[in-house]
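# Notes for the structure review
Here is what each chain is made of, one letter per residue.
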Amino acid sequence: MHKKLFIPGPTEVREDVRKAMDFPMFGHRMPETSELMGSVVEKLQKLLYTENFIIISTSSGTGLMEAASRNCIKNKALHVNCGSFSDRWSSISKACNKDIDILEYEWGKGIHISDIEEKVSTGKYDTVFVTHNQTSTGVMNPIEEIGEMLKDYPDILFCVDAVSSMAGAEIKVDDWNIDFVLASVQKAFALPPGLAIAAASNKAMERSAEAKDKGYYFDFHAFKKYWDKAKQPPTTACLNLIAALNYQLDKVVNKEGIENRFKRHKEMAGLVQDWTRKNFDFFADENYLSPTVTCVKNTRGISVADLNKELGKRGAVISNGYGNLKEKTFRIAHMGDITPDEIKWLLGEIDDIIG
Ligand SMILES: *Cc1c(COP(=O)(O)O)cnc(C)c1O
């Protein structure tokens, strides 16, 4: 039996979306690709409220995290860390031999703008890295306010990991002063894994043009060169997945509507949050609760593994806690194409199992 995915990626993929990947192949240097990419980019710019350059990468999101480290950092960067995925990003920058400092928050806590301002006002940093939605802890950070503050520092690039928020929560790239924002498609986009998406500002493109040792596969200007030439990818891309993305974006932008999609995510988050208040507690600071994933503190000491085993028999799966948080927390993803009714059903089943 298929287990419906209430995990924070990959998320449940609907049958019509899966079918959008099934068509006779064409070549990545053929006009079909140019038309497809053009259509995808136009809709992504709408989704992100941006005119910035869109990168579509045949990789998972981590690839574009590495792209940001390689293309954006000039001399020294500030990584603002609040959980496993921001730890990953600072490790990537280090692995790329970049000079970085880390501003560290305890897991479950959100980021304070004043702390970042104190750091960047020293003039030491040319790039700031922030995780929008910390999937390991269920924290969403205030990137709008951080971007606003960074407007006073025009030489700094603002890079955002929005892997588990993009397409589930509002991100106004241009207004919010975001120079590079990336996501994977297997989270709130509700597509199979294998593609990553980013928007890069002119400032980021200029920085990249001067960057040394940035390699080739993730060079922003490799993407730009082939886009300018014929709206095509630099290397053979997973075209079937890009076609599914195009289909899905048609649904998101033209059928459901962007605002409605964000509203549905808030509604689903509200259901899980009410249930969590009643039955357990939040792992995250309640001022920073995420609209796409809730990390529940296991205050009743239930066996999360057993709960998941039983849920599996009923056709669903949730996530155990991440890393050290295993069994101490569990996570319910309310992202992608999952509906409020499906969330209600899941919570009912969990109630029935744990009594
Ligand atoms: C899932 C996730 C990643 C990793 O994405 P991949 O597509 O697996 O590389 C990075 N950051 C966040 C916030 C995530 O949720």
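On a predicted model such as this, the values are computed, not experimentally measured, just so you know.

Let us look at the domain arrangement of the protein. Taken domain by domain, the protein holds domain 1 (4-10 + 258-354) and domain 2 (16-254). If you average the C-alpha positions of domain 1 and of domain 2, the two centres end up 26 Å apart. Contact residues are listed per partner, giving 24 residues for domain 1 and 37 residues for domain 2. On the domain 1 side of the contact with domain 2, I258, F262 and Y288 bury the most area, a combined 29% of that side's loss. Run the count over domain 1 and domain 2 and you get zero salt bridges. At the boundary of domain 1 and domain 2, one finds 13 residue pairs in polar contact (both at pLDDT 80 or more). Looking at the side of domain 1 that touches domain 2, the elements with two or more residues in it are α10 (258-279) and β12 (293-297).

Let's shift gears to the packing of aromatic side chains. Inspection of the entire model under this criterion finds nine aromatic pairs. Centre to centre, the rings of W275 and F330 are 6.5 Å apart; their planes meet at 70°, and the pair counts as edge-to-face. Remark: F330 occurs in strand β15 (residues 329-333) and W275 occurs in helix α10; sequence separation between them is 55 residues. Take W275: its relative accessible area is 6%, and that puts it in the buried class. Put simply, the rings of W275, F280 and F330 touch in pairs and so form one group of aromatic residues. K187 extends its terminal NZ or CZ atom over the ring of F85, reaching a point 5.2 Å from the ring centre. The ring centre of F53 lies 5.8 Å from the NZ or CZ of K224, which sits over that ring.

Spatially, seven strands are ordered β2-β10-β9-β8-β5-β3-β4 in an open sheet, and the strand pairing comes out mixed. Two strands in the sheet have a free side with no partner beyond their single neighbour: β2 (53-57) and β4 (100-104). Sheet twist, expressed as the mean angle between neighbouring strand axes with direction ignored, is 15°. Looking at chain direction, strand β8 (residues 157-161) and strand β9 (residues 180-184) are connected through three bridges and run parallel. Its bridge partner being in β9, C159 is matched across the sheet by F180. Helix-sheet contacts for helix α2 (residues 31-47) involve β2 and β10 (196-200), and the interaxial angle to β2 is about 120°. Strand contacts of helix α8 (residues 220-230): β2, β9 and β10, with the helix running at about 105° to β2, the strand carrying the most contacts.

Taken together, 15 residues lie near the ligand, and S60, T62, T135, S184 and K187 sit nearest. Between the ligand and S60 there is a distance of 2.5 Å, counted from an oxygen atom to a side-chain nitrogen or oxygen. In the model, a nitrogen atom of the ligand is placed 2.7 Å from a nitrogen or oxygen of the D161 side chain. Relative to its unbound accessible area of 380 Å², the ligand is 90% covered by the protein chains. Residue assignment for the shell around the ligand shows that the elements contributing at least two residues are α3 (61-72) and α4 (84-95). Looking at the shell around the ligand element by element, the count peaks at three residues for α3. Residues belonging to the shell around the ligand are distributed by class as follows: three nonpolar, nine polar and three charged.

Rules used throughout
Residues numbered from 1 in each chain as written. Predicted model: local features only at pLDDT ≥ 70, side-chain atom pairs only at ≥ 80, totals over all residues. Heavy atoms only, no water. Domains from an automatic or database assignment. Contact = heavy atoms within 4.5 Å. Buried area = accessible area lost by both parts, 1.4 Å probe. Salt bridge = Lys/Arg side-chain N within 4 Å of Asp/Glu carboxyl O. Polar contact = N/O pair within 3.5 Å; in protein donor to acceptor, adjacent residues only side chain to side chain. Helix = DSSP H or I, 4+ residues; strand = E, 2+ residues; numbered from the N terminus. Phe/Tyr/Trp six-rings, centres within 6.5 Å; stacked < 30°, edge-to-face > 60°. Buried < 20%, exposed > 50% of the residue type's maximum accessible area, 1.4 Å probe, protein only. Lys NZ or Arg CZ within 6 Å of the ring centre and 35° of its normal. Pairing = 2+ DSSP bridges. Axes fitted to C-alpha atoms, helices over the stretch in contact; angles between N-to-C directions. Near = heavy atom within 4 Å. Areas by Shrake-Rupley, 256 points an atom, 1.4 Å probe, with all protein chains shown as cover. Nonpolar A, V, L, I, M, F, W, Y, C, P; charged D, E, K, R; others polar.

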